[in-house]
Amino acid sequence: MQLDNPALTAIYFASITAMVSVITNLVITIISNCFQNTRQKRTELQDIYTGCIKSIATLTTLSTATETNLDNIEQSLVEAKKYLAILLIRTKNRNQIKQIEEEAFLFTTGQYKQLVEKAIIKGLKPSERFEYIEDEKNKALFSAADIMLKLIIEFAPQDKRLIL
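Conventions we followed
Residues numbered from 1 in each chain as written. Predicted model: local features only at pLDDT ≥ 70, side-chain atom pairs only at ≥ 80, totals over all residues. Heavy atoms only, no water. Helix = DSSP H or I, 4+ residues; strand = E, 2+ residues; numbered from the N terminus. Buried < 20%, exposed > 50% of the residue type's maximum accessible area, 1.4 Å probe, protein only. Polar contact = N/O pair within 3.5 Å; in protein donor to acceptor, adjacent residues only side chain to side chain. Contact = heavy atoms within 4.5 Å. Axes fitted to C-alpha atoms, helices over the stretch in contact; angles between N-to-C directions. Left-handed = near helix turned anticlockwise from the far one by under 90°. Nonpolar A, V, L, I, M, F, W, Y, C, P; charged D, E, K, R; others polar. Salt bridge = Lys/Arg side-chain N within 4 Å of Asp/Glu carboxyl O. Expected span 1.5 Å × (residues − 1). Phe/Tyr/Trp six-rings, centres within 6.5 Å; stacked < 30°, edge-to-face > 60°. Lys NZ or Arg CZ within 6 Å of the ring centre and 35° of its normal.

Novice: Explain the side chain of Asp159 to me, please; I cannot follow it from the model alone.
Specialist: Inspection of the secondary structure puts Asp159 in the segment after helix H5 (136–155). For Asp159, a relative accessible area of 1% translates into the label buried. Here Tyr49 takes part through its side chain, which lies 2.6 Å from a polar atom of the side chain of Asp159. When sequence neighbours within four positions are dropped, the list of residues in contact with Asp159 reads Leu45 and Tyr49.

And the structure:
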């Protein structure tokens, strides 16, 4: 193709420049969307960990006044189970949460005694402040909550999905 005519040459280069610009903008948009999705997933995961820590910490804090705070204890327990279940469900690659998966499952399903026994075998002990609780059910609940809190606080910073 000969471009002897300056008008045709200008149209030809303008067309090429427009196509390059469109392609560049498309690539930039795709890359931006990928990074935005990654940021959004990381933020959601941070919110899940935050919810777990907040609800379990509230639960263990209220252990000293069980009679007066039954509603708050129940609500915190429900929230803790919800966030742990979401963590289990949202994690497609089980290797990412292998360290706490079984404990989270036991806590979520209400198998507190088994969780405490398993943790003690692994060398994790619940806080001594729950030893005074006479009701075995509540003692197991608060001890399991304490262990889950320790596990989450230890595990969350190691979760590679939270790293930039």
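Novice: Can you help me understand the packing of helix H1 (residues 6–61) against H5 in this one?
Specialist: In helix packing, the relevant descriptors are the interaxial angle and the interaxial distance, both defined with respect to the helix axes. Two elements in contact, H1 and H5, have axes whose closest approach is 9 Å; the angle formed by their N-to-C orientations is 145 degrees. The handedness of the crossing between H1 and H5 comes out as left-handed. Residues Tyr49, Cys52, Ile53, Ile56, Ala57, Leu59 and Thr60 of H1 pack against Leu141, Phe142, Ala145, Asp146, Met148, Leu149, Ile152, Ile153 and Phe155 of H5. The residue inventory of the contact of H1 with H5, partitioned by class, reads 14 nonpolar, one polar and one charged.

Novice: Just checking my understanding: could you explain the pattern of salt bridges for this structure?
Specialist: Where charged atoms from two side chains of opposite charge come close, those side chains can pair. A full pass over the atoms with the stated rule returns four salt bridges. In this structure, the salt-bridge partner of Lys122 is Glu103, at a minimum N-O distance of 2.6 Å. With Lys122 in helix H4 (residues 112–122) and Glu103 in helix H3 (residues 98–108), the pair connects residues that are 19 residues apart, well separated along the chain. Judged by its relative accessible area of 2%, Glu103 is buried. A salt bridge links Lys150 to Asp146; the shortest N-O distance between them is 3.3 Å.

Novice: Mind showing me how you'd approach H1 here?
Specialist: Because each turn of an α-helix spans 3.6 residues, side chains separated by three or four positions in sequence point in the same direction. With 56 residues, H1 should reach 82 Å at 1.5 Å per residue; the first-to-last C-alpha distance of 80 Å fits that figure. In this structure, the buried side of H1 is in contact with helix H2 (70–90), H3 and H5.

Novice: Would you explain the packing of aromatic side chains in this entry?
Specialist: Scanning the entire structure with this criterion turns up four aromatic pairs. Aromatic pair Tyr12 and Phe13: ring centres 5.5 Å apart, planes at 70 degrees, arrangement edge-to-face. Consider the rings of Phe130 and Phe142, whose centres lie 6.1 Å apart with planes at 15 degrees: the pair is stacked. Of this pair, Phe130 sits in the loop between H4 and H5 while Phe142 sits in helix H5; the two residues are 12 residues apart in sequence, bridging distant segments of the chain. Phe142 shares its class with Phe130; the two are buried. A cation over an aromatic ring shows up here: Lys82 above the ring of Tyr83, its NZ or CZ 4.7 Å from the ring centre.

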